[in-house]
Amino acid sequence: MPTQQHDLGYRALFAHPEMVRELITGFTPFTLFEGVALSAFKRVNPDYVSERPSARQNDIVWRVQVGDDFLYVYILLECQSGVDRWMALRMQTYVGLLCQDLVKRHELSPGLLLPPVLPLVLYNGAPRWNASMDLAQLLMAAPAELAAFQPSQRYVLIDQQRLDLKALDANDDLLALLFRIELSQIPDVLHTHLRVLATWLRDTPQTSLRNSVWAWWKALLARRNDDQEVPDLNSVEVADMESTTLSWAEQLRQIGFQQGVALAEKAKAEGMAEGKAEGKAEGMAEGHLMALRGVFNSLLRIRFGTVPDLAAQRIEHANRTELEHWIERTVDAPSVEALFDA
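Everything numeric here is computed off the predicted structure, so don't read it as measured data. (Residues numbered from 1 in each chain as written. Predicted model: local features only at pLDDT ≥ 70, side-chain atom pairs only at ≥ 80, totals over all residues. Heavy atoms only, no water.)

1. A word on the environment of Val83
Among the secondary structure elements, Val83 is positioned in the loop between β3 (69-76) and α3 (87-104). Separated by 42 residues in the primary sequence, Val83 and Gly125 place their C-alpha atoms 7.7 Å from one another. Setting aside chain neighbours within four positions, we find Val83 in contact with Tyr123, Pro127, Arg128, Trp129, Asn130 and Ala131. (Helix = DSSP H or I, 4+ residues; strand = E, 2+ residues; numbered from the N terminus. Contact = heavy atoms within 4.5 Å.)

2. Some details on the nonpolar core
Side chains of a nonpolar character, in soluble globular proteins, are inclined to be buried together. Core analysis: the largest hydrophobic core is formed by 43 residues, its most contacted members being Phe14, Phe27, Phe33, Phe179, Val213 and Trp217. With eight residues, the top contributor of residues to this core is helix α5 (residues 174-183). With near-sequence residues (within four places) excluded, Phe27 lies in contact with Glu22, Ile158, Leu163, Leu168, Asn171, Leu175, Ala176 and Phe179. Of all hydrophobic cores here, the second largest spans 16 residues; its members include Val295, Leu300, Trp326 and Ile327. (Core = buried A, V, L, I, M, F, W, Y, C linked by side-chain atoms within 4.5 Å. Buried < 20%, exposed > 50% of the residue type's maximum accessible area, 1.4 Å probe, protein only.)

3. Thoughts on the pattern of salt bridges
Tallying each qualifying case throughout the model produces four salt bridges. Here Asp169 ties to Arg180 by a salt bridge, and the two come within 3.9 Å at their closest N and O atoms. Within this pair, whereas Asp169 is found in helix α4 (residues 165-169), its partner Arg180 is found in helix α5, the two being separated by eleven residues in sequence. Since its relative accessible area comes to 13%, Arg180 is described here as buried. (Salt bridge = Lys/Arg side-chain N within 4 Å of Asp/Glu carboxyl O.)

4. Overview of the packing of aromatic side chains
In total, this model carries eight aromatic pairs according to the counting rule given. With a centroid separation of 6.1 Å and an interplanar angle of 50°, the aromatic rings of Tyr10 and Phe179 are classed as tilted. On the criterion of sequence distance, the pair formed by Tyr10 in helix α1 (residues 3-13) and Phe179 in helix α5 is long-range, its members being 169 residues apart. Owing to a relative accessible area of 0%, Tyr10 belongs among the buried residues under this scheme. Measuring from ring centre to ring centre gives 4.8 Å for Tyr123 and Trp129, while their planes differ by 65°; the resulting arrangement is edge-to-face. Here the two residues Tyr123 and Trp129 agree in accessibility, since each one is buried. Through pairs of rings, three or more aromatic residues link up here, namely Tyr10, Phe14, Phe27, Phe179 and Trp216. If you follow Arg85 out to its NZ or CZ, it ends over the ring of Trp86, 4.7 Å from the centre. (Phe/Tyr/Trp six-rings, centres within 6.5 Å; stacked < 30°, edge-to-face > 60°. Lys NZ or Arg CZ within 6 Å of the ring centre and 35° of its normal.)

5. Topic: helix α2 (residues 17-27)
For α2, the tally of buried residues reaches eight of eleven residues, placing the bulk of the element in the interior. Among the residues making up α2, those that are buried are Pro17, Glu18, Met19, Val20, Glu22, Leu23, Ile24 and Phe27.

So, in structure tokens, the structure goes:
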């Protein structure tokens with residue numbers, strides 16, 4: 001997964017207090033921020049490492065005033081395909097650096113106490129998150145008389161790929177809609193969710209948030225291998241969004257076809273150079289098969305995340321008729337196994 005594109009899209013979204021509030025109230029068990037005014041949210045500069053001023057550029061930190069206290073929400077938007085075993089340790093470091101900076105800047109409570117911190121991790125990867133969310137589980141067992149002095153840190157994980165889709169559908173927040181778009185299959189995205197998003201873009205008066213949502217949308221398209229021109233935000237309509245967002249499956253077909261043509265032309269040239277007419281025909285046929293295999297593998301990754309080894313073997317030895325049949329079934333097959341059993 002091109003994590004930089006994902007980071008850019010979500011960093012743009014979470015530059016807005018309403019999106020931060022929706023993330024916490026909609027996707028964590030905490031109710032502390034329900035009803036808290038957006039004016040109580042203040043963005044905090046994350047460059048709080050004096051030795052390396054740019055070290056925290058990817059972090060987003062908000063200060064939220066709840067009554068007379070300040071709650072700092074730490075959101076890490078480093079969405080990767082791999083799982084970070086040491087995330088709890090990293091969180092302890094980040095929270096410690098944040099608190100150290102607050103002391104340095106004299107931004108403590110009147111009683112000179114450190115504020116509570118809520119560390120959040122928004123995870124977007126395909127593999128299931130199996131890293132410990134408690135630093136204690138990463139430590140060796142200490143002797144009983146030392147146990148009380150060992151470090152402690154936990155964080156909250158929001159695993160986007162495994163959110164409850166029914167709960168998402170019942171959530172009317174903008175962030176829930178964006179999550180639905182990212183998690184949905186191709187037909188739902190094209191025919192349902194994009195219409196809602198385009199209508200929101202057209203009707204919302206919040207120019208800055210509209211621009212950030214548009215930045216998120218373009219980052220999503222970039223991750224979906226969309227290389228088309230995106231229209232100006234001020235002129236977007238439902239029809240515009242649908243016309244500039246071809247079916248990702250269709251895009252992959254085009255890519256695969258282009259690759260197949262290139263392979264076929266190469267085989268054709270080699271066959272002609274050797275003076276063998278059969279080289280041309282065989283090269284064209286093999287190029288078309290390679291194109292179909294590329295398309296089918298790409299569609300399987302979009303639908304199901306991975307291509308199992310047995311499926312890859314069947315694809316490698318399939319003929320044109322089989323590949324075309326499987327490609328047609330990819331959109332509505334409930335599983336890889338069901339697709340091949342049909």
